[in-house]
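# Coordinates in review
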Amino acid sequence: MAGPSKTLVFILFFLGVSWSAKPISVLASVTVPDRTSVQNRITSLPEGYEPILNSNVAYKVYKNTLVSWMEAKILCESEGARLAVADSREIYARLVHQNPQKIHVGVHSLFDNWVSLRDGSVLSDLPWEEGEPSGTYDCVCISTIGGYLRNTDCYNWKSSYACEVPIPQVRV
């Protein structure tokens, strides 16, 4: 049977800059998981999530739920996921496969850059549909035409959406 996580406690001493110039002690606790615990052996995906191609995340498409991009973001986060950000046009094409609706994905505009919800990185080589991005819309959906992307209104335009979760890795 697995034991509880072990907690290592470190006491860090450093001088704080203050009017009294006295040393300040800080107690920080770092939890190191027990490698034999059950949580480290979980290798299954949440219900409905499936890996696509060689991605390190699994996806779930909500085809019958029409919501705004912002609502989709909140719904994904409420189940411990995030709006999907695919690594290639082929993955976007698989997500939209046999879906009559466009699909909201985890890419949005921030300070004139298109960024990923996955890690906040700037995305420069996105598979945009011809003529996109256009207008003043700051969020992104997959077009039903071949998995290309187009920008869309974040708050009012309703569509299907896709969430992603990291694929659990077996720890040895």
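So, a few notes on the structure that sits alongside this text. (Residues numbered from 1 in each chain as written. Predicted model: local features only at pLDDT ≥ 70, side-chain atom pairs only at ≥ 80, totals over all residues. Heavy atoms only, no water.)

Each helix and strand in the protein was counted, giving two helices and 10 strands. Starting at the N terminus and ending at the C terminus, the protein contains elements arranged as β-β-β-β-α-β-α-β-β-β-β-β. Within the protein, the fraction of its 172 residues that count as buried is 34%. In the protein, of all internal contacts separated by at least 6 residues, the share reaching a separation of at least 24 is 62%. Put simply, the protein shows about 11000 Å² of open surface, and 55% of that area lies on carbon and sulfur atoms. (Helix = DSSP H or I, 4+ residues; strand = E, 2+ residues; numbered from the N terminus. Buried < 20%, exposed > 50% of the residue type's maximum accessible area, 1.4 Å probe, protein only. Contact = heavy atoms within 4.5 Å. Areas by Shrake-Rupley, 256 points an atom, 1.4 Å probe, with all protein chains shown as cover.)

So, on to the pairing of strand β10 (residues 159-166). The element β10 is largely enclosed, with a buried count of seven among its eight residues. Here strand β5 (residues 82-83) pairs with β10 via two bridges, running antiparallel. Bridge assignment links R82 to a residue of β10, and that residue is E164. Direction of pairing for strand β6 (residues 103-110) relative to β10: parallel, over a ladder of two bridges. From the neighbouring strand, I103 faces β10, where its bridge partner is S160. (Pairing = 2+ DSSP bridges.)

Let us now look at the state of the cysteines. One pass over the full model with this rule turns up two disulfides. Each sulfur in the disulfide pair C76 and C163 lies 1.9 Å from the other. In this structure, the disulfide formed by C76 and C163 twists by about -85° around the S-S bond and is classed as left-handed. Of this pair, C76 sits in helix α1 (residues 69-78) while C163 is found in strand β10, placing the two residues 87 residues apart along the sequence. An identical accessibility class is assigned to C76 and C163; each is buried. Here C139 engages in a disulfide with C154; their sulfurs sit 1.8 Å apart. The disulfide joining C139 to C154 has a torsion of about 100° about its S-S bond and is therefore right-handed. In this pair, C139 sits in strand β8 (residues 139-142) while C154 sits in the loop between β9 (149-152) and β10, placing the two residues 15 residues apart along the sequence. On the accessibility criterion, C139 (1% relative accessible area) is buried. C154 gets classed as buried once you look at its relative accessible area, which sits at 10%. (Disulfide = S-S within 2.5 Å.)

Turning our attention to the pairing of strand β7 (residues 113-116). Where β6 and β7 come together, four bridges link them in antiparallel fashion. Residue L110 lies in a different strand from β7, and its bridge partner there is N113. Hairpin connection between β6 and β7: a loop of two residues separates the two successive antiparallel strands, and F111 in this loop has a positive phi of roughly 50°.

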